Number of protein chains: 2
Amino acid sequence: MAQAPKHLKIGVFLAGTGHHVASWRHPHAQTNGSMNLAYFQQLAKTAERGKLDMLFLADSLSISPDSHPNVLARFEPFTLLTALAAVTSKIGLAATASTTYSEPFHIARQFASLDHLSNGRAAWNVVTSSIESTALNFSGEKHPEHSLRYQRAEEFVEVVKGLWDSWEDDALIRHQESGVFFDPAKLHELQHHGEFFSVRGPLNVARPPQGHPVIIQAGSSEPGQHLAARTAEVIFTAQNNLPDAQAFYQSVKTKVVSYGRSPDEVSIMPGIFPILGDTEEAAEAKFQELQELILPSVGLKILSSYLGGFDLTPYPLDGPLPDIDIPETNAVKSRFELVLNLARREKLTIRQLYQYIAGSRGHHIFVGTPAQLASKMEEWVLQGGCDGFNLMPPLLPEGLDVFVDQVVPLLQQHGLFRTEYEGNTLREHLGLQRPANRYMSQQNVSI
Amino acid sequence: MAQAPKHLKIGVFLAGTGHHVASWRHPHAQTNGSMNLAYFQQLAKTAERGKLDMLFLADSLSISPDSHPNVLARFEPFTLLTALAAVTSKIGLAATASTTYSEPFHIARQFASLDHLSNGRAAWNVVTSSIESTALNFSGEKHPEHSLRYQRAEEFVEVVKGLWDSWEDDALIRHQESGVFFDPAKLHELQHHGEFFSVRGPLNVARPPQGHPVIIQAGSSEPGQHLAARTAEVIFTAQNNLPDAQAFYQSVKTKVVSYGRSPDEVSIMPGIFPILGDTEEAAEAKFQELQELILPSVGLKILSSYLGGFDLTPYPLDGPLPDIDIPETNAVKSRFELVLNLARREKLTIRQLYQYIAGSRGHHIFVGTPAQLASKMEEWVLQGGCDGFNLMPPLLPEGLDVFVDQVVPLLQQHGLFRTEYEGNTLREHLGLQRPANRYMSQQNVSI
């Protein structure tokens, strides 16, 4: 019997006016998108009409005047996702929340509450705060260094999962006649005493409908990959070509298995930045239209950040990159070399170079027709490059509309994507088991 | 010209099955109310149908097996209020959030986001965490003592208000042609460096529609009254009779004036626990019905907590209170004496005593008809006892339904309550000014 073809997982990363750095200047952009609830509601409904697995919100805890317009002023993720839960009924709702400047009790509670309010659609993108200035908003003298942030993150996730198990699924009896509201044997204190946290519990929210909201991570560094392989159920990653994607896929799935998990327990979803047109030429023209909206001041600032802060303002935009020495000790040396080599190899002007770099900020750009994109997605999934994609439409709402109206039907025709949601929870969409309560399992073992 | 009669402010304190300790055992209770979104949505719609100023959610950050069923497992307030914002359009949405175990940046952001998502309906009930065991959920060795918690609270509120002013109201220009997204002169770092917090800012949310969400406090202690008089716009309090209420009202309004504020900038809203029936007898019977649902084990535990932990289980429920020595050093000595004197004066049995104490947990009980309640509310407001009330229906949803259907129309007929919302924001309902941005005022001064 032929095996059913593998279904793609598709998420959409919602970001204000879209993921292109100049999207807000496009005539079709909703310029106040980042703070416009009706607009986000419309995006969420479109994504659900396309039967997408989930929508995703990034987050940050500090800004500077140079921050991208999408992040300068925006809604807080838990409140926005709850508002989007109210106008949808199936699509998963994923929020980024940092483990560096919050407490496990608060985060456990917010995701548990969101999972209840959305009937089992919450997911947590676990991150550490990598921007040093964030410490300045949290009374911190000094930002914790990378490996310490990861250790803290790992313990944080363990505490949160433990708190989600505070109440067994059938602990709340609410028996009026006897006056027994809950079964005390099914309410558990966590009594966690670790290196970073001491948390007694129990959590004051019933066990989430999904048992545990879905855990997402985006660690591409070696400690990040290990953390993800041990604890994540979805992995976001940036992969620019199929061989690299295959290598990453193989590396992570091998690590997943080495931690005693099934490879199917983790979906790997690279970001994709699709620019679609009815013809390749139309798509290319659309891309150029966006690229030309990048203000030189913005483009130069981003390019300069790739070149160790080298000041490019004195040089003509349409001339070549000047000679720049690569400092031996620079922390971003490999990225530095990559940019210099690219400029020389392709003989790019400064303007061309910043357009190339600033447009997608390193994400996988796809320029072509809906049919070409559907084929590419199929190729990547069938050839072991990924389990699905995290869409990063350069311009919203139009990039999502076109994807849902023109790419999804093709994927459905090829048998690669659902035509209707099979279940109600995000775990069901992703084919993930609902985790058993840790305390219940202990009881079963002891019987 | 005759002055328009003063309008009452009315909030409703939503709590699971209702505020009576045994409400969940009543046949009309929604036993899973604390975790039932549809139920809360219905309550919110009823309150809005009654043109109430706001609905209010309490909060706590720790539970024990002895906690009240309403608080054992419930939604987190920010997510629940956002879900209620989605099904209402006028009523204010007030959440309790503690200053003891959170960070000003997170709290500023959550309320700002809620205020945007609800179009200007958010209010923050500022509390300090008084339960010592809460520290055990937040890696805290020792709970901070009372005066330190208040100092921290005061600085916390100042930081939050400062963060809300990060963006001036017209800072976000979003001018596509010029590429100017915001006016840099209207984005401000807070640069707060205080005793408890260092917070640079700016906040990554646009200025809230209300400028600042409304600030609520419930401090009845002397430092609490001062803090409230300096910073609060609504004060919740427990007052059991008109003379006490008048004294409190006078004391707080005097303090408000002493801090250079107008007395109208603060609404004082005592809690009221109304048990309503078509006749006094019917109301009394309803009260008895609830009182008799108090389990002896629950009633004894609560009564015992008023008597320094004295174990009453060996004594017959329908007999008198045994002789108990009042320890000289007991911290709750005055409450202790009050209970003993009550028992002796009224010759109450142990059962009668715990019913008296446990039923409303010290709140102002009103038992009578809707017309009697309307008269009482009118009397308190017109005689300087309060500006309005925070309703604490003993049993939900029925206590709120009866209030909205039978008491509100009487207040409206007496010209004491609105027949339609005059404005859209909570500040408008409460007659409060929208605060000017602190940075804008500075500019005005310097011109």
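Residues numbered from 1 in each chain as written. Chains lettered and ligands numbered in written order. Predicted model: local features only at pLDDT ≥ 70, side-chain atom pairs only at ≥ 80, totals over all residues. Heavy atoms only, no water.

An unreviewed UniProt entry annotates chain A as Monooxygenase YxeK originating from Brevibacillus reuszeri. As recorded by UniProt, the Sequence similarities (unreviewed entry) comment attached to chain A reads in full: "Belongs to the NtaA/SnaA/DszA monooxygenase family." (UniProt positions renumbered as here; feature names shortened; annotations may be inferred.)

Novice: Please give an account of the interface of chain A and chain B that cites residues and values.
Specialist: Often, the extent of an interface is quoted as the loss of accessible area upon association of its parts. If you look at the interface, chain A gives 68 residues, while chain B gives 68 residues. In terms of surface lost to chain B, no three residues of chain A exceed Leu117(A), Gln176(A) and Arg200(A), which account for 11% of the buried area on that side. Counting every contact that joins chain A to chain B gives two salt bridges. Among the ionic pairs, Asp59(A) bridges to Arg109(B), the shortest N-O distance being 2.4 Å. Across the contact surface, chain A and chain B share 30 residue pairs in polar contact (both at pLDDT 80 or more). At the level of elements, α2 (69-72), α3 (77-85), α4 (104-117), β5 (172-175), β6 (180-182) and β8 (198-199) of chain A are the ones that each hand at least two residues to the side of chain A that touches chain B. (Contact = heavy atoms within 4.5 Å. Buried area = accessible area lost by both parts, 1.4 Å probe. Salt bridge = Lys/Arg side-chain N within 4 Å of Asp/Glu carboxyl O. Polar contact = N/O pair within 3.5 Å; in protein donor to acceptor, adjacent residues only side chain to side chain. Helix = DSSP H or I, 4+ residues; strand = E, 2+ residues; numbered from the N terminus.)

Novice: Before we move on, could you go through the UniProt feature "binding site: FMN" (unreviewed entry) in chain A and cite the residues and values that matter?
Specialist: All names here are of chain A. Residues annotated in UniProt with the feature "binding site: FMN" (unreviewed entry) correspond here to Asp59, Thr96, His146, Tyr150, Ser220 and Ser221. Topologically, Thr96 is positioned in strand β3 (residues 92-98). On the basis of relative accessible area, Thr96 is assigned to the buried category, the value being 6%. Excluding residues within four positions of it along the chain, Thr96 makes contact with Phe56, Leu57, Ala58, Asp59, Pro77, Asn125 and Val127. Looking at Thr96, its side chain comes within polar contact range of the main-chain oxygen of Leu57, at 3.0 Å. Relative to the elements of secondary structure, Ser220 occurs in the loop between β9 (214-217) and α6 (222-231). Judged by relative accessible area, which is 42%, Ser220 ranks as partly exposed. With residues near it in sequence (within four places) discarded, Ser220 still touches Gln225, Thr237 and Phe248. (Buried < 20%, exposed > 50% of the residue type's maximum accessible area, 1.4 Å probe, protein only.)

Novice: Give a detailed account of the environment of Gly431(B), specifying residues and quantitative values.
Specialist: In this structure, Gly431(B) sits in the loop between α14 (426-430) and α15 (438-446). Owing to a relative accessible area of 61%, Gly431(B) belongs among the exposed residues under this scheme.

Novice: How would you explain the packing of α3(A) against helix α4 (residues 104-117) of chain B if you had to name every residue and give the values?
Specialist: The geometry of α3(A) relative to α4(B) is characterised by a closest axis approach of 8 Å and an angle of 30 degrees between their N-to-C directions. By the angle between their axes, α3(A) is roughly parallel relative to α4(B). Contacts between α3(A) and α4(B) involve Pro77(A), Thr79(A), Leu80(A) and Ala83(A) from the former and Arg109(B), Gln110(B), Ser113(B) and Leu117(B) from the latter. For the contact of α3(A) with α4(B), the per-class residue count stands at four nonpolar, three polar and one charged. (Axes fitted to C-alpha atoms, helices over the stretch in contact; angles between N-to-C directions. Parallel < 35°, antiparallel > 145°, perpendicular 65-115°, else oblique. Nonpolar A, V, L, I, M, F, W, Y, C, P; charged D, E, K, R; others polar.)

Novice: I'd love a proper account of the confidence of the model for chain A, names of residues and values included.
Specialist: Here chain A averages 92 in pLDDT, and 95% of its residues register 70 or above. Across the whole predicted complex the pTM is 0.95, and at the interface the ipTM reaches 0.95. (pLDDT = per-residue confidence, 0-100.)

Novice: Break down the packing of helix α1 (residues 37-49) of chain A against α3(A) for me, citing the residues and quoting the values.
Specialist: All names here are of chain A. Put simply, α1 and α3 touch, their axes get as near as 9 Å, and they point 60 degrees apart. Our classification of the angle between α1 and α3 gives oblique. For the pair α1 and α3, the crossing hand works out as right-handed. Across the interface between the two elements, Leu37, Phe40, Gln41 and Ala44 of α1 pack against Leu80, Ala83 and Leu84 of α3. Counted by class, the contact of α1 with α3 contains six nonpolar, one polar and no charged residues. (Left-handed = near helix turned anticlockwise from the far one by under 90°.)

Novice: Give me the lowdown on the relation of the copies chain A and chain B, citing residues and values where you can.
Specialist: Overlay of chain A on chain B (RMSD 0.1 Å): rotation 180 degrees, translation along the axis 0.0 Å. The superposition operator between the copies reduces to a two-fold rotation axis. (Least-squares fit on C-alpha atoms with pLDDT ≥ 70 in both.)

Novice: Any chance you could break down the pairing of strand β10 (residues 234-237) of chain B for me, citing the residues and the numbers?
Specialist: Residue and element names in this part refer to chain B. Here β10 shows two buried faces, one formed by Val234 and Phe236 and the other by Ile235 and Thr237. Across two bridges, strand β9 (residues 214-217) lies against β10 in parallel orientation. Of the residues in β10, the one forming a bridge with Ile216 is Val234. For the segment spanning β9, helix α6 (residues 222-231) and β10, crossover handedness is right-handed. Relative to strand β11 (residues 267-276), β10 runs parallel, the two sharing four bridges. The residue of β11 that forms the bridge with Ile235 is Ile268. In terms of handedness, the path from β10 via helix α7 (residues 242-258) over to β11 forms a crossover that is right-handed. (Pairing = 2+ DSSP bridges. Right-handed = clockwise from strand over helix to strand, strands pointing away.)

Novice: Outline the nonpolar core, listing residues and values.
Specialist: Judged by nonpolar contacts, the single largest core of 172 residues is most densely connected at Leu52(A), Trp124(A), Phe403(A), Leu411(A), Leu52(B), Trp124(B) and Leu411(B). In this structure, Trp124(A) is in contact with Ala95(A), Ala97(A), Thr99(A), Ile107(A), Phe111(A), Phe156(A), Val157(A), Val160(A), Trp164(A), Val214(A), Ile215(A) and Ile216(A), ignoring residues within four places of it in sequence. (Core = buried A, V, L, I, M, F, W, Y, C linked by side-chain atoms within 4.5 Å.)

Novice: How would you explain the pattern of salt bridges if you had to name every residue and give the values?
Specialist: Residue and element names in this part refer to chain A. One pass over the full model with this rule turns up 36 salt bridges over all chains. One salt bridge in this structure joins Arg207 and Asp169, with 3.2 Å as the shortest N-O distance. Remark: Asp169 occurs in the loop between α5 (146-164) and β5 and Arg207 occurs in the loop between β8 and β9; sequence separation between them is 38 residues. Judged by relative accessible area, Arg207 falls into the buried class, the value being 5%. The class of Asp169 is partly exposed, set by a relative accessible area of 41%.

Novice: Describe the domain arrangement of chain A, and please don't skip the residues or the numbers.
Specialist: Residue and element names in this part refer to chain A. Domain boundaries in chain A define domain 1 (9-277 + 369-446) and domain 2 (286-359). The centre of domain 1, based on its C-alpha atoms, is set 33 Å off from the matching centre of domain 2. On the domain 2 side, the residues contacting the 14 residues of domain 1 number 13 residues. Each partner contributes to the roughly 1,100 Å² buried at the junction of domain 1 and domain 2, and carbon and sulfur atoms together form 66% of this total. Contact with domain 2 buries surface across domain 1, with His20, Val21 and Arg25 losing the most and accounting together for 42% of the total. (Domains from an automatic or database assignment.)

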